[in-house]
Each structure stands twice: as C-alpha cells, then as structure tokens.
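Here is how the chains run, residue by residue.
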Amino acid sequence: MTTPTPAANQSPDITKLKAYLINLISRELETNPPDPKDRRMAVMKLLELAYQSTKLQLANTIREQLFQDILDEMLGYGPIQSLLDDENVSEIMVNNPKKIYVERKGKLQKTKITFEDEDAVVRVIDRIILPLGRRVDHDRPMVDARLPDGSRVNAIVRPIAIDGPGITIRKFQKERLGVEDLIKFGSLTEFMADFLRACVVSRLNLVISGGTGSGKTTLLNILSSFIPENERIITIEDAAELQLQQDHVLRMETKPSDLDGKNEVAIRDLVKNSLRMRPDRIVIGECRGGEALDMLQAMNTGHDGSLTTLHANTPRDAISRLETMCLMSGVNLPLKVIRQQIASAVDVIVQQSRLRDGSRKVTSITEVAGMEGDMIIMTEIFRFEQTGMSEDDKVLGELKPSGIRPLFMPRLEASGFKLSPAVFGADISSILQPRNNSGRRR
C-alpha cells in the first residue's frame, strides 16, 4: 500500500490554508463545543463551511487530501494517522519531524510523511498522553503510554531528544493470531506446538526470550490461550497488550509517579500484590528488573504454570539476564543461591527470534535441567538450523527436534499428555521394523 503524501507537504500555500481552516474550526468548537460523540460530524460540517467561505476552487484530489489532513490533525494523530490506519504497518518510528520510518512485514522503510515542525510532534504526543493523566516536558522528557486501541507508545522530547521530539508506536494487532497461524507462517512446527501446549497445561513455568520486535508478546498471548478456563489468571504489564481469551482474568497495569514524583506503582509492587489475590497463574508481560526475583520466588512457592518474557538473544543469555535482574532487586543473595532459584523455578525457555529477512521464528525450546556445581544445566529440545539464504533473500532452514526427551516428561504424562517419540525426533519406522532371526532390525 502506498502511503499518501499529506497536502501540507505539497505547497507552502496549502500549509497556510490548512492552518487557517484549523484555526477557524477550533474557534467555533471552543465557542460551541459539541457532544464528544458528535465531535467528528461537527468538525466535518465546520470544515465544509470554512472551506466554502474561502471561495477557493482546489482540484478534487488536493481538496480531498487537504480535508483528510485536517481531519487527521483535529480528530486523529496528525500526519501519522494514515500509518496507524495502514494494516500492513506494524511499527511507526518518528525520529524527528522530518524523518518517519515504518516497519512493514518485518522490514524498515522510510516514508515521505513529515510533520510541519517540532511543535506539531509535541501536539500529537500530548494528544496521546493527556487522556491518561501523564505528561512530558523538560523535567520529564520521556513517557510510555498506549492508544485507545491498545497500541504501545513511547515518546521523548528535548533535552534527551537531540534532533527533536520522537515517537515510537508498536501497533496493536487487531487480528488475534492462534497457534495454527504460527504453524502456517513457519514460526514453529506442529510437534513444537503440541509440546508447548503440554507444558502450559501441565503447569510448567515458561520464559519467552527474544530481542526487540521478535514477537515475544504475540507468542505469550498464544501460549496463554492454552491455560484451562477453570483457572484464575492474573496478568501484570507495563502497558496492557495481552489479549487473553479466558473469562477468569484479572488485569493489572503499572502506574507512573505523580507530578511530584510520588505514588508510582511498579511491576514489582504488582507481583507482590498478586500473591495475595489467589492466582492459579501469574502472567507477567515482561520482566525488566528486580521483579524477576519476586517472580522466581512465586514460581518456587506453589504458583507454578507462570509465564513471562524478557530481552535476551539466546537461552543461555536469558539465564544471565535473569541473574542480573535478580541482583537489581536489592536483596543481597550469593550468585549461586540466585542460580539455584532460577534452576528450580524455570522449566522451559522459549527463544523467539526475528531473522534477517524479517520473519519471526521460535529458534529454540530449551529445558532448564538443574544445577551441576555452580552452573545451570540446559538441554535443547527443539532448534532452528539455518542452511542459507535464497535468491530473494529469504532465510532457509529447518525447525527440528534435538532427539532428547526432557527430564520433566513424567509431569506431562501425569497431566495426560502421552507425546509420541516422533515429537522428539525418534525414527518410528526403525523402531517398529520387525527383527530378523539374528535379532537385528531388517
């Protein structure tokens, strides 16, 4: 889809006309404010009247684009509204007023869209955050927020934004993906999906590890769909993104500090509070700091079946990241004790990756098998083996089992899952092949 070029970018005269019309409409709205639910219709009527009062006769295409730009400015989020409406865009990145990038199908692209100036970017930021009771200014130059549709927003302004205010929007996916979709996309195999379903239902503790934009939240949503309906689920997030399908779900979200820097509610506070709320499952959108230790302690004290994500590039890096976050808690524990906590709490690390061609895959499913001396032992159950690149720059490779059965198989079997040896890479045909007189398989 080709993103339209805003009329404001085509001519200084159009820019002046746009500002004039917006000023006329804004004054009328201030004098006679409409009911919020009728605001769009009122703006459209006032726009038509204001344009007619100018006696101008613009070409239809220019006029239509001008009207759309004004509606986006007054009712939406200015120049980036068209990107928010574009279903092919998954992420919007405003580096400064004149440089706006998007991610389409995993690839970054620079757009032709621009803001008029820095003030125009700040107005859009204010439009996003003011309804949420948040602010951004010289003293608090960065803010996290979300749009009404659930899209996640991060905004920065001067002085930390050297080249002008910036906005990063991770768009909320209206289409809810299921495990079948991931199989169809090649993100995982049916055997991997069956294995992960068994792990979730059997109340193993899972950590989803991956880089930025690798699809961790999407995978967390899908894995959480395997949780049985009769269990009480408590979700904890910085910005609410999870879309759990179950009925018995209690959602909690962090709260930033007030203008005086007080009354902040962090993820760690919510994790501690959730333990008093009779949870069957605790789902943490992302572990970033000291709450990791509280999560591990919850996993080790009867709250099994918990799910969370964290930033790391490999399962081994995920263990190191957990260690670091536990040390950030302020609790003075020896590293060996922290590793024992991790080894006894975490059962499976699922590595999610975004590959060079923009595709997203589960590149490893690894069991945390315990401790050996001072080291945490890990066993890879499934892996992605890359074999090369195609002529059209697509990553070639295969998702395959390692041939090793996890040590927690009795827990899966106790929950009713009798996974076939083929799931773990056993050659069933050779096992079933009849023996000859010498006792060897034919």
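Scroll up to find the structure this text is about.
1. What to know about the sheet that holds strand E12 (residues 348-354)
Right, on to step 1. Strand order in the open sheet formed by 9 strands is E9-E8-E10-E11-E7-E12-E13-E14-E15, with mixed pairing between adjacent strands. Unpaired on one side and paired on the other, strand E9 (249-253) and strand E15 (395-401) mark the two borders of the sheet. For this sheet, the mean angle separating the axes of adjacent strands, direction not counted, is 25°.
Right, on to step 2. This element, helix H8 (residues 216-224), spans strand E7 (206-210), strand E10 (281-284), strand E11 (307-311), E12 and strand E13 (360-372) of the sheet and lies at about 170° to E11.
Right, on to step 3. Its contacts with the sheet put helix H9 (residues 267-274) on strand E8 (233-237), E9 and E10, and the angle it makes with E8 is roughly 170°.

2. Examining the side chain of Gln-351
Right, on to step 1. Position of Gln-351 relative to the elements: it lies in strand E12.
Right, on to step 2. On the basis of relative accessibility, which here comes to 2%, the residue Gln-351 falls in the buried class.

3. Let's talk about the sheet that holds strand E3 (residues 107-110)
Strand pairing in a sheet relies on backbone hydrogen bonds. The paired strands run either parallel or antiparallel.
Right, on to step 1. The strand order across the open sheet formed by 6 strands is E3-E2-E1-E6-E5-E4, and the pairing between neighbours is antiparallel. The outermost strands of the open sheet, each flanked by one partner alone, are E3 and strand E4 (142-146). Each strand axis lies, on average, 15° off the axis of its neighbour in the sheet, ignoring direction.
Right, on to step 2. By the bridge criterion, 4 bridges tie strand E2 (residues 99-104) to E3 in an arrangement that is antiparallel.

4. So, the side chain of Glu-73
Right, on to step 1. With respect to the helices and strands, the residue Glu-73 is situated in helix H3 (residues 60-75).
Right, on to step 2. With sequence-adjacent residues up to four places away left out, Glu-73 is seen in contact with Lys-18, Ile-22, Gly-78, Pro-79, Arg-123 and Arg-127.

5. Observations regarding the nonpolar core
Right, on to step 1. Counting residues in hydrophobic clusters, the biggest one holds 41 residues, and the most contacted among them are Phe-195, Leu-206, Val-350, Ile-365 and Leu-412.
Right, on to step 2. Residue contributions to this core peak at 7 residues, all from helix H7 (residues 190-201).
Right, on to step 3. With residues up to four places along the chain from it excluded, the contact list for Val-350 reads Leu-196, Leu-206, Val-207, Ile-208, Ser-209, Leu-219, Val-362, Ser-364 and Ile-365.
Right, on to step 4. Residues Ala-292, Ala-298, Met-299 and Val-368 belong to the second largest nonpolar core, which totals 33 residues.

6. A word on the packing of helix H11 (residues 315-327) against helix H12 (residues 335-345)
What describes two packed helices is the angle between their axes and the distance between those same axes.
Right, on to step 1. In contact at an axis separation of 10 Å, H11 and H12 are set at 120° when each is read in the N-to-C sense. Looking at the two axes, H11 sits oblique to H12. Of the two possible hands of crossing, H11 and H12 adopt the one that is right-handed. Where H11 abuts H12, its residues Ile-319, Leu-322, Glu-323, Cys-326 and Leu-327 lie against Leu-335, Ile-338, Arg-339 and Ile-342.

7. Considering the packing of aromatic side chains
Right, on to step 1. Applying the stated criterion to the full structure yields 5 aromatic pairs.
Right, on to step 2. Their ring planes at 80° and their centres at 5.4 Å tell us that Tyr-51 and Phe-67 sit as a pair that is edge-to-face. Taken as a pair, Tyr-51 in helix H2 (residues 39-53) and Phe-67 in helix H3 lie far apart in primary sequence, 16 residues in all. Per residue, the accessibility class of Tyr-51 equals that of Phe-67, and both read buried.
Right, on to step 3. Considering the side-chain rings of Phe-382 and Phe-424, the 6.5 Å spacing of their centres and the 35° angle between planes classify their relative orientation as tilted. Remark: Phe-424 occurs in the loop between helix H13 (409-414) and helix H14 (428-432) and Phe-382 occurs in strand E14 (residues 375-389); sequence separation between them is 42 residues. Residue Phe-382 shares its accessibility class with Phe-424, and that shared class is buried.
Right, on to step 4. Taken together, Phe-195, Phe-382, Phe-408 and Phe-424 form an aromatic cluster joined through their ring pairs.
Right, on to step 5. Just above the ring of Phe-67 sits the side chain of Arg-63; from NZ or CZ to the centre is 4.4 Å.

8. Considerations on the environment of Thr-31
Right, on to step 1. Here Thr-31 lies in helix H1 (residues 12-31).
Right, on to step 2. On the basis of relative accessibility, which here comes to 58%, the residue Thr-31 falls in the exposed class.
Right, on to step 3. One polar contact links the side chain of Thr-31 to the main-chain carbonyl oxygen of Arg-27, over a distance of 2.9 Å.

Definitions and limits used
Every chain is numbered on its own, with residues counted from 1 as its sequence reads. Note on the predicted model: pLDDT of at least 70 is required for a residue's local features to be given, and 80 or more for side-chain atom pairs to be given and counted; whole-chain, interface and lining totals, by contrast, use all residues. The side-chain values count all of the structure's non-hydrogen atoms but skip hydrogen atoms and water molecules. Note on pairing: DSSP must find at least two bridges between two strands before they are called paired. Runs of H or I in DSSP of at least four residues are treated as helices and runs of E of at least two as strands, each being numbered from the N terminus. Axis definition: a line fitted to C-alpha atoms, over the contacting stretch in the case of helices. Angles run 0 to 180 degrees between N-to-C directions. Note on contacts: a residue pair qualifies if any of its non-hydrogen atoms lie within 4.5 Å across the two residues. Each residue gets one of three labels from its accessible area relative to the maximum for its type: buried under 20%, exposed over 50%, partly exposed in between, using a 1.4 Å probe on protein chains only. We call a set of buried Ala, Val, Leu, Ile, Met, Phe, Trp, Tyr and Cys residues a nonpolar core when their side-chain atoms join them within 4.5 Å. Should an angle fall under 35 degrees it is called roughly parallel, over 145 degrees roughly antiparallel, and 65 to 115 degrees roughly perpendicular, with every other angle called oblique. Left-handed describes a crossing whose near helix is turned anticlockwise from the far helix by less than a right angle; the clockwise case is right-handed. Two rings belonging to Phe, Tyr or Trp (six-membered ring only in the last case) form a pair when the distance between their centres is within 6.5 Å. Interplanar angles under 30 degrees mark stacking, angles over 60 mark edge-to-face geometry, and anything in between is tilted. For a Lys NZ or an Arg CZ to count as sitting over a ring, it must be within 6 Å of the ring centre and within 35 degrees of the ring normal. Within 3.5 Å is the distance limit for a polar contact, defined as a pair of N or O atoms, with the added protein rule that one can donate a hydrogen and the other accept it, and that residues adjacent in sequence qualify only through two side-chain atoms.

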